[in-house]
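Chains, contacts and geometry: an overview
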Amino acid sequence: MTRIDATFARLRSEGKKAFVSYIMAGDPDVDASLAVMKGLPGAGVDIIELGLPFTDPMADGSTIQLAGQRALEQGMTLDRTLQMVRDFRAGNDNTPIVLMGYYNPIYSRGVDTFLAQAKEAGIDGLIIVDLPPEEDEELCLPAQAAGLNFIRLATPTTDDARLPRVLQNTSGFVYYVSITGITGAAAAQAVDVGPEVARIKAGTDLPVIVGFGIRTPETAREIASVADGCVVGSAIVGEIAKGRPTAEILAFVEGLASGAHSA
C-alpha cells in the first residue's frame, strides 16, 4: 500500500473527501517553494502534486507556464526537484507526493535511473500528461513495478470506447479533468462533473479526483461533493506569483481545503 492508498483509506474511514494541491517546484525560488510545500499539510492538504518545471508545458495555461519559467530561471532541475522532496520528507513521512509533469526530463535521465531516484527521494506517484496508454511500457508499468502509483487523466472527451484503456493500468486515483482545454482556463461545474465521475466509477474502484477550474472554497466543496475530492493548482500558483507571504498563501490554501473537506 502506497502513501496515496493509505491516505484514501484514512479519508474514507473519516467520511471525508480529499483535498489535493499543486505547486510548481522552485517557484518563485527553491527556498520559498519548499517553505510553502512544508506548510501544505498543516493547511489541510491531503496529497501534494509537485510540478516538475519543463520548457514546453503544453497542457498548462499561462499561470503554470509562467511558474515553470520562473523556476527554470532560478536554476530548477530534476535533481533539485528531487532534493526538494527529500528536504520535505525530512520532516514529513506521511503526506503523499505526486510528481506531475512531462516525459522528456524523465526520458533524458533514463527511466530506471529516474524511478530509483524518485522512490529514494520519497515520491509516491506520477502524473505524466503526455504519455498515453499506448506507451504504458515506457514508464507506467515500470513505475508500478517500482512501487509508484501511475495516475492517469480522464477528460470530457474520453468516451466510453476509450475509457477502459485509460483505466487499465491506472493506480492511486483517477484524475478527472473537468473542462476541455488547459489549466486555469474556465470554471468547473458540478452539474457537468457529477455524471462524468459516475461514468468513470462504473469502470474502476479507484477514487476519482477532479481538477482544473477550481478557484474558491465554494467550488471546491461543490466539486468534491460529486467526486472523491478535488485538486487546486492555478489558483494557488497565482497567489504565489503575487509574491504573497507564505502565511497568506497557506491561509488561502486552508480555505480551499476546508471547502473540500466540508463536502
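Description of the structure in this document. (Residues numbered from 1 in each chain as written. Predicted model: local features only at pLDDT ≥ 70, side-chain atom pairs only at ≥ 80, totals over all residues. Heavy atoms only, no water.)

Turning to unusual backbone geometry, a few remarks are in order. At the junction of aspartate 27 and proline 28, the peptide bond is cis and its omega measures out at 0° in the coordinates. With respect to the helices and strands, the residue proline 28 is situated in the loop between strand 1 (18-24) and helix 2 (30-39). (Helix = DSSP H or I, 4+ residues; strand = E, 2+ residues; numbered from the N terminus.)

This brings us to the side chain of arginine 152. By the element assignment, arginine 152 lies in the loop between strand 5 (149-150) and strand 6 (153-154). With relative accessibility at 5%, the residue arginine 152 sits in the buried group. Polar contacts involving the side chain of arginine 152 include one to the side chain of aspartate 136, which spans 2.4 Å. The contact partners of arginine 152, leaving out residues within four places of it in the chain, are Leu131, Pro132, Pro133, Asp136, Cys140, Val166, Thr170, Phe173, Val174 and Tyr175. (Buried < 20%, exposed > 50% of the residue type's maximum accessible area, 1.4 Å probe, protein only. Polar contact = N/O pair within 3.5 Å; in protein donor to acceptor, adjacent residues only side chain to side chain. Contact = heavy atoms within 4.5 Å.)

A few words on helix 4 (residues 78-89). Here helix 4 contains 12 residues, and its C-alpha end-to-end distance of 17 Å stays within 8% of the 16 Å for a straight helix at 1.5 Å per residue. Turning to helix 4, its buried residues are Leu78, Thr81, Leu82, Met84, Val85, Phe88 and Arg89. Summarising the axial view, the buried residues of helix 4 lie within an arc of 150°, below the 170-degree limit, and thus occupy one face. (Expected span 1.5 Å × (residues − 1). Arc of directions from axis to C-beta.)

Glancing now at the nonpolar core. Judged by nonpolar contacts, the single largest core of 88 residues is most densely connected at Phe19, Ile23, Leu50, Leu126, Leu139, Phe173 and Tyr175. In this structure phenylalanine 19 touches Gly44, Val45, Asp46, Ile47, Cys230, Val232, Val253, Leu256, Ala257, Ala260 and His261, once residues within four positions along its chain are discounted. (Core = buried A, V, L, I, M, F, W, Y, C linked by side-chain atoms within 4.5 Å.)

With that settled, the discussion passes to the pattern of salt bridges. Counted under the stated rule, the structure contains 16 salt bridges. With a closest N to O distance of 3.5 Å, arginine 10 and aspartate 46 form a salt bridge. Of the two residues, arginine 10 is situated in helix 1 (residues 3-14) and aspartate 46 in the loop between helix 2 and strand 2 (47-51); the sequence distance between them amounts to 36 residues. The class for arginine 10 is partly exposed, based on a relative accessible area of 35%. (Salt bridge = Lys/Arg side-chain N within 4 Å of Asp/Glu carboxyl O.)

Another point: the packing of helix 4 against helix 6 (residues 111-121). Closest axis-to-axis distance for the helix 4/helix 6 pair is 8 Å, and the angle between their directions is 25°. When the interaxial angle is binned, helix 4 and helix 6 end up roughly parallel. Along its contact with helix 4, which presents Leu78, Leu82, Val85, Arg86 and Arg89, the element helix 6 presents Phe114, Gln117, Ala118, Glu120 and Ala121. Here the contact of helix 4 with helix 6 is composed, by residue class, of 6 nonpolar, 1 polar and 3 charged. (Axes fitted to C-alpha atoms, helices over the stretch in contact; angles between N-to-C directions. Parallel < 35°, antiparallel > 145°, perpendicular 65-115°, else oblique. Nonpolar A, V, L, I, M, F, W, Y, C, P; charged D, E, K, R; others polar.)

Shape descriptors only; they carry no functional weight alone.
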